[in-house]
Amino acid sequence: MKPEKLVISAFGPYAGRTEIDFTKLGGQGIYLITGDTGAGKTTIFDAITFALYGEASGQVRDSAMFRSKYAAEEIETYVEFLFSWRGKSYQVIRNPEYLARKKRGTGYTVRKSDATLVYPDERLPGTKAKEVTRAVTELLGLDYRQFTQIAMIAQGDFLKLLHAESKERKKIFSQIFQTQIYWRIQEALKEKGKNLYIALKE
């Protein structure tokens, strides 16, 4: 998965609309996100993970905290993430649940969490939060927990990958590198060896 563009609106410490064009950072695949403490570095990772899965990149932050306390009441909270996967571009737009001022009358109303996934082909966009999360999981081959262990490891969470049981790491890497076919061959050879051993014994 390669990030192409990220739009953050009234999200975390970002009071207004902020756009990050990853394509301008070059095609080398490695770049540094740096800044002072509290500048919003981790929020960039939170925004990407939230767009894909509806969760933060680390367990210390909750999706209910995503609405920026610095944002003006009329500014909507959402994340828009454009990424490429296997040569095709996908777009996810997602907003958390938060209190918003009513468009008519006075007072506030609860803006429900919502999401949209736009495909690169003729398929209709996914338009429900759970459906989008499920579609992203199927597309990338990683669920939220695996994604935060492998693809986007939050500060302090790197040890979780290092300390994960070998069986769990094996499962994760198998999904990432699509090695299931070799596992099936291994199992088939095991079964054949077992049958030959029984035949030899008889």
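Residues numbered from 1 in each chain as written. Predicted model: local features only at pLDDT ≥ 70, side-chain atom pairs only at ≥ 80, totals over all residues. Heavy atoms only, no water.

## What about the pattern of salt bridges?
Enumeration over the complete set of coordinates arrives at six salt bridges. In this structure, Glu 73 engages Arg 101 in a salt bridge whose closest nitrogen and oxygen atoms are separated by 2.5 Å. Of this pair, Glu 73 sits in the loop between helix H1 (41-53) and strand E3 (78-85) while Arg 101 is found in strand E5 (residues 98-101), placing the two residues 28 residues apart along the sequence. With a relative accessible area of 37%, Glu 73 lands in the partly exposed category. You can call Arg 101 partly exposed: its relative accessible area is 39%. The shortest N-O distance in the salt bridge between Glu 76 and Arg 111 comes to 3.8 Å. (Salt bridge = Lys/Arg side-chain N within 4 Å of Asp/Glu carboxyl O. Helix = DSSP H or I, 4+ residues; strand = E, 2+ residues; numbered from the N terminus. Buried < 20%, exposed > 50% of the residue type's maximum accessible area, 1.4 Å probe, protein only.)

## Digging into H1
Each α-helix winds once per 3.6 residues, and so residues spaced three or four apart point in a common direction. Over its 13 residues, H1 runs 19 Å from end to end, which matches the ideal 18 Å to within 8%, given 1.5 Å per residue. Where H1 ends, the next residue or the one after it, Gly 54, has phi of about 75°, a positive value. (Expected span 1.5 Å × (residues − 1).)

## Some details on a nonpolar patch on the surface
A contiguous nonpolar surface patch, about 430 Å² in accessible area, is contributed by Ile 181, Tyr 182, Ile 185 and Leu 189. The topology assignment puts Ile 185 in helix H6 (residues 180-201). Look at Ile 185 and you get partly exposed, because its relative accessible area is 43%. (Patch = residues over 30% accessible without salt bridge, like charges linked within 9 Å, V, L, I, M, F, W, Y side chains within 5 Å. Areas by Shrake-Rupley, 256 points an atom, 1.4 Å probe, with all protein chains shown as cover.)

## Examining the packing of aromatic side chains
Summed over all chains, the structure comprises eight aromatic pairs. Taking the centre distance of 6.3 Å and the plane angle of 75° together, the rings of Tyr 90 and Tyr 119 count as edge-to-face. Here Tyr 90 is found in strand E4 (residues 88-95), whereas its partner Tyr 119 is found in the loop between strand E7 (114-118) and helix H2 (129-140), with 29 residues between them in sequence. In this structure Tyr 90 comes out as buried when scored by relative accessible area, which is 5%. (Phe/Tyr/Trp six-rings, centres within 6.5 Å; stacked < 30°, edge-to-face > 60°.)

## Concerning unusual backbone geometry
Its identity as a non-glycine residue notwithstanding, Ala 10 has a phi of 45°, on the positive side. Of note, Ala 10 is situated in strand E1 (residues 2-11). Overall, Ala 10 belongs to the buried group, its relative accessible area being 0%. In the Ramachandran plot, Arg 86 falls in the positive-phi region, its phi being about 55° despite a non-glycine side chain. Along the polypeptide, Arg 86 turns up in the loop between E3 and E4. You can call Arg 86 exposed: its relative accessible area is 62%.

## Re the nonpolar core
Counting 30 residues, the largest nonpolar core has Leu 6, Leu 52 and Phe 83 as the members making the most contacts within it. Of all the secondary-structure elements, those providing two or more residues to this core are E1, strand E2 (14-21), H1, E3, E4, E7 and H2. Ranked by the residues each element gives to this core, the list is headed by H1, at seven residues. The residues touching Phe 83, leaving out its near neighbours within four places in the chain, are Met 1, Lys 2, Pro 3, Glu 4, Leu 52, Lys 88, Ser 89, Tyr 90, Val 92, Leu 139 and Leu 140. (Core = buried A, V, L, I, M, F, W, Y, C linked by side-chain atoms within 4.5 Å. Contact = heavy atoms within 4.5 Å.)

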